[in-house]
Amino acid sequence: MKILVLGSGGREQALIHSFFRQGHIPYSYVKKIPDFQEIVALVKALKIDLTVVGPEVYLEKGIQDLFSSLGLPLFGPSKSAARLETSKAFAKEFMLEFQIPTARVTNLQDGVVVKADGLAGGKGVICCKTKKEAEQAIEQIKIFGENYVVEELLEGPEISLQVI
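Residues numbered from 1 in each chain as written. Predicted model: local features only at pLDDT ≥ 70, side-chain atom pairs only at ≥ 80, totals over all residues. Heavy atoms only, no water.

Visitor: What am I meant to see in the packing of helix H5 (residues 79–86) against helix H6 (residues 88–97) here?
Guide: It is the contact of H5 with H6, at a shortest axis distance of 6 Å, that shows an interaxial angle of 100 degrees. As far as their axial angle goes, H6 and H5 are roughly perpendicular. Note on element contacts: H6 touches H5 through Lys88, Phe90, Ala91 and Phe94, opposite Arg83, Leu84, Glu85 and Thr86. (Axes fitted to C-alpha atoms, helices over the stretch in contact; angles between N-to-C directions. Helix = DSSP H or I, 4+ residues; strand = E, 2+ residues; numbered from the N terminus. Parallel < 35°, antiparallel > 145°, perpendicular 65-115°, else oblique. Contact = heavy atoms within 4.5 Å.)

Put into structure tokens, the structure is as follows:
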């Protein structure tokens, strides 16, 4: 099976390593600003069986929707479903609406987490012990945009899981 992995970070390298160990032929493709037509042309030229998306920006921009419309297999959610990852505010509203356990949204106070609302490359979450730290965190988070979420700080293990 020929698999194209989009992206160049640690997540993508782990995927490539895993696919290689399973006997698949992994390809890696890196481009700062995704040109979806270029990616589609590459997929067709290499006769790729499955494209796997690493960076969320591809999903936010709707690559799954394009690939689906062309009948090309791609692992990743549609643009609308990707909002659960690309917008912390949307994800919080979704979890509250469907009664999925989540940290409560709160005001600035001691013991909170400040999260950038959009994509921040894993750098958009700051845990704050004091209200002053939270105020400073909001200023730091603004490099990712003006919108943010403040929620209670929960301690304990965390897990992320993606399944094909």
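Visitor: I keep staring at helix H2 (residues 36–46) and nothing clicks. Help me out?
Guide: Structural remark: α-helix, 3.6 residues per turn; residues separated by three or four positions point the same way. Burial in H2 covers these residues: Phe36, Ile39, Val40 and Val43. Projected onto a plane normal to the axis of H2, the buried residues spread over an arc of 100 degrees and lie on a single side. Facing away from the buried side of H2 by over 90 degrees, the exposed positions are Gln37 and Ala45. On its buried face, H2 sits against strand E1 (2–6), strand E2 (25–29), strand E3 (50–53), helix H3 (56–60) and helix H4 (63–69). The backbone nitrogen of Gln37 has a side-chain oxygen 3.2 Å away, supplied by the residue at the start of H2, namely Asp35. Two residues or fewer after H2 comes Lys47, characterised by a positive phi angle close to 55 degrees. (Buried < 20%, exposed > 50% of the residue type's maximum accessible area, 1.4 Å probe, protein only. Arc of directions from axis to C-beta. Polar contact = N/O pair within 3.5 Å; in protein donor to acceptor, adjacent residues only side chain to side chain.)

Visitor: Explain the packing of aromatic side chains to me, please; I cannot follow it from the model alone.
Guide: Enumeration according to the criterion identifies 3 aromatic pairs in this entry. Centre to centre, the rings of Phe90 and Phe94 are 6.4 Å apart; their planes meet at 35 degrees, and the pair counts as tilted. In this pair, Phe90 and Phe94 are both assigned in helix H6, 4 residues apart and thus about one turn of the helix distant. Take Phe90: its relative accessible area is 22%, and that puts it in the partly exposed class. Taking 4.8 Å as the distance between ring centres and 45 degrees as the angle between the ring planes, the aromatic pair formed by Phe94 and Phe98 counts as tilted. Linked through ring pairs, Phe90, Phe94 and Phe98 together constitute an aromatic cluster. (Phe/Tyr/Trp six-rings, centres within 6.5 Å; stacked < 30°, edge-to-face > 60°.)

Visitor: What am I meant to see in unusual backbone geometry here?
Guide: Among all residues except glycine, the phi angle is most often negative; among peptide bonds, the trans geometry is most common. Phi angles above zero are rare outside glycine, and Lys47 is one such case at about 55 degrees. Position of Lys47 relative to the elements: it lies in the loop between H2 and E3. Relative accessible area serves as the criterion here: at 63%, Lys47 is assigned to the exposed category. Unlike most non-glycine residues, Gln99 shows phi in positive territory, near 55 degrees. As for its position among the elements, Gln99 is in the loop between H6 and strand E5 (112–116).

Visitor: Sorry if this is basic, but what is going on with the sheet that holds strand E7 (residues 148–152) here?
Guide: Paired through their backbone hydrogen bonds, the strands of a sheet run either parallel or antiparallel. Strand order in the open sheet formed by 3 strands is E6-E5-E7, with antiparallel pairing between adjacent strands. Pairing within the sheet leaves two strands with one partner each, and these edge strands are strand E6 (125–128) and E7. Sheet twist, expressed as the average angle between the axes of neighbouring strands with direction ignored, equals 20 degrees. Pairing between E5 and E7: 5 bridges, direction antiparallel. In the strand pairing of E7, Lys115 is matched with Val149. Contacts from helix H7 (residues 131–141) reach E5, E6 and E7 within the one sheet, and its direction differs from that of E6 by about 170 degrees. (Pairing = 2+ DSSP bridges.)

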